[in-house]
Amino acid sequence: MFVDSHCHLGFPELAARMPEIRQAMEQAQVDRALCICTTLEEFDEVHALALAHDNFWSTVGVHPDNEGVREPTLADLLSRAALPRVVAIGETGLDYYRLNGRRVEDMAWQRERFRVHIRAASVTGLPLVIHTRSASEDTLAVLKDEGRASVRGVFHCFTETRAVAREALDLGFMISFSGILTFRNAHELHEVARFVPLDRCLIETDSPYLAPVPFRGKTNQPAWVAHVAARLAELKELPLEAVAKATSDNFENLFTRTLHTSATLGEPV
Ligand SMILES: [Zn+2]
Ligand SMILES: [Zn+2]
C-alpha cells in the first residue's frame, strides 16, 4: 500500500535490525523501500540490501555533507549505476547549512560533486535524488545549467518554500515529504503539501532520521512512512487510500519503470 522512497537502511543502527524492520513494514503495509547510498564506501552494503530483498532497491551517490570520503568520478557512478536494482543517482545536491566558518564561495567542491551526479543521471537516464538545505537557489541554478532539462528526479525531504517547489515542479521533478510534515509547527510545509499536485508527491522516512509524530525523537524506520501518508491525506482532504495509491504509482513511474525500459541496467525485476 505504501512506499518509503528514501531511507538509509545501510546505516548500522538499521542494518542490524533488518528482520524486525521488515516485519514492521509488512504489518504497516509498507510494501517497498528505496535504500539510499551516501558514500562510495557504503555502496556495496546498500546495494546488497537491494539484491537480497525483492522489495528493496538502491541508489548510488555521495551526499553533499560527506567530507573526507572518496570523491566520485563519473566512471565511479556509471559503473555502479549499471548494476541490477540500482534505480537512481544520489543522494546528491547542495547543503550550505553547516558551513563551519566557510563561505558559500568555498563550497565549489560541493557544486562540482553535484555536477558529476547530474552528468551521471543524464548519461544513464536514471532519476536524481536531490538533497538541498539552505542552498535552494544554487541547487536550482546548477540543475538548470548542467541538466538542461535532460534529467528528472525528486527533491527529497522537502523543507523549502512554495516558490522553490514551483520551480522544482517546472523542471519536471517530484517533491517528497518526510516526517517533518507531521510536526505541528511546520505551517509553511503544510501549505507546500496542499500546493503540490498529488501526481507529483512522494513520501519517505529518511530513516533513521526525522521520525514522524507520534514517534518523534526515536530511531525512524520505513514502517512509519504510513504516518507521513496519513498527514498528507489530511492536508489534501483526501482518503488515505488515494494518497497511498498515488504516491506508490508515482514511485513506480519515477524509479522502477526505468528498470524495465533501459537495456543498460541489468536484469529487469
Ligand atoms: Zn538528504
Ligand atoms: Zn537521506
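Let us look at the structure shown here. Since the model is a prediction, treat every value here as computed from it, not as a measurement.

### Some words on the coordination of the zinc ion (ligand 1)
Moving on, step 1. Coordination of the zinc ion (ligand 1) by the protein is provided by Glu 91 (OE), His 131 (ND1) and His 156 (NE2), with metal-donor distances spanning 2.0 to 2.1 Å.
Moving on, step 2. Read from N- to C-terminus, the donor residues coordinating the zinc ion (ligand 1) fall into the pattern E-x39-H-x24-H.
Moving on, step 3. Separating the zinc ion (ligand 1) from the zinc ion (ligand 2) is a gap of 3.4 Å, bridged by Glu 91, which donates to each. Of the two residues, Glu 91 sits in strand S4 (residues 86–95) while His 156 sits in the loop between strand S6 (153–155) and helix H7 (162–170), which places them 65 residues apart along the sequence.

### Observations regarding the nonpolar core
Moving on, step 1. Membership of the largest hydrophobic core comes to 69 residues, with the highest contact counts inside it found for Leu 128, Leu 143, Phe 155, Ile 175, Phe 177 and Val 196.
Moving on, step 2. Ranked by residues supplied to this core, first place goes to helix H9 (residues 225–236) with 7 residues.
Moving on, step 3. Among all residues touching Phe 177, those that are not within four sequence positions of it are Leu 189, Val 192, Ala 193, Val 196, Cys 201, Leu 202, Ile 203, Glu 204, Val 228 and Leu 232.
Moving on, step 4. With 13 residues, the next largest nonpolar core counts Val 3, Leu 34, Val 129 and Leu 254 among its residues.

### Regarding the side chain of His 6
Moving on, step 1. Note that His 6 resides in strand S1 (residues 2–7).
Moving on, step 2. Looking at His 6, the relative accessible area reads 1%, which means it is buried.
Moving on, step 3. Within polar-contact distance, the side chain of His 6 engages the side chain of Glu 91 at 3.1 Å.
Moving on, step 4. His 6 has contacts with Leu 34, Ile 36, Glu 91, Val 129, His 156, Glu 204, Thr 205, Asp 206 and Ser 207, leaving out every residue within four places of it along the chain.

### Considerations on helix H8 (residues 187–195)
Moving on, step 1. Within the span of H8, buried status applies to Leu 189, His 190, Val 192, Ala 193 and Phe 195.
Moving on, step 2. Check the buried side of H8 and you find it contacts H7, strand S7 (174–177) and H9.

### Here's the deal with the coordination of the zinc ion (ligand 2)
Moving on, step 1. Looking at the metal site, the zinc ion (ligand 2) is ligated by His 6 (NE2), His 8 (NE2), Glu 91 (OE) and Asp 206 (OD), spaced 2.1 to 2.5 Å from it.
Moving on, step 2. Ordering the donors of the zinc ion (ligand 2) by residue number gives the pattern H-x1-H-x82-E-x114-D.

### What to know about the environment of Leu 78
Moving on, step 1. Summarising the element assignment, Leu 78 is placed in helix H4 (residues 74–81).
Moving on, step 2. Under the relative-accessibility criterion, Leu 78 is labelled partly exposed at 25%.
Moving on, step 3. Residues Leu 78 and Val 123, spaced 45 residues apart in sequence, show a C-alpha to C-alpha distance of 8.2 Å.
Moving on, step 4. Dropping the residues within four chain positions of it, Leu 78 is found in contact with Ala 120, Val 123 and Thr 124.

### Details of the layout of surface pockets
Moving on, step 1. Considered as a void within the structure, the largest pocket measures approximately 420 Å³ in volume.
Moving on, step 2. Considering the residues around the largest pocket, the lining is formed by 20 residues, among which His 63, His 131, Arg 133, Asp 206 and Tyr 209 are closest to the centre.
Moving on, step 3. At 3 residues, the largest contribution of residues to the lining of the largest pocket is made by strand S5 (residues 128–133).
Moving on, step 4. A class-by-class count of the residues in the lining of the largest pocket yields 5 nonpolar, 9 polar and 6 charged.

Rules used in this analysis
Residues numbered from 1 in each chain as written. Chains lettered and ligands numbered in written order. Predicted model: local features only at pLDDT ≥ 70, side-chain atom pairs only at ≥ 80, totals over all residues. Heavy atoms only, no water. Donors = N, O, S within 2.8 Å, 3.2 Å for Na, K, Ca; no water. Helix = DSSP H or I, 4+ residues; strand = E, 2+ residues; numbered from the N terminus. Core = buried A, V, L, I, M, F, W, Y, C linked by side-chain atoms within 4.5 Å. Buried < 20%, exposed > 50% of the residue type's maximum accessible area, 1.4 Å probe, protein only. Contact = heavy atoms within 4.5 Å. Polar contact = N/O pair within 3.5 Å; in protein donor to acceptor, adjacent residues only side chain to side chain. 1 Å grid on protein atoms, 1.4 Å probe; cavity = no way out; pocket = protein on both sides within 12 Å on 5 of 7 lines; lining within 4 Å. Points joined across faces, edges and corners; volume = space filled by probe spheres on them. Nonpolar A, V, L, I, M, F, W, Y, C, P; charged D, E, K, R; others polar.

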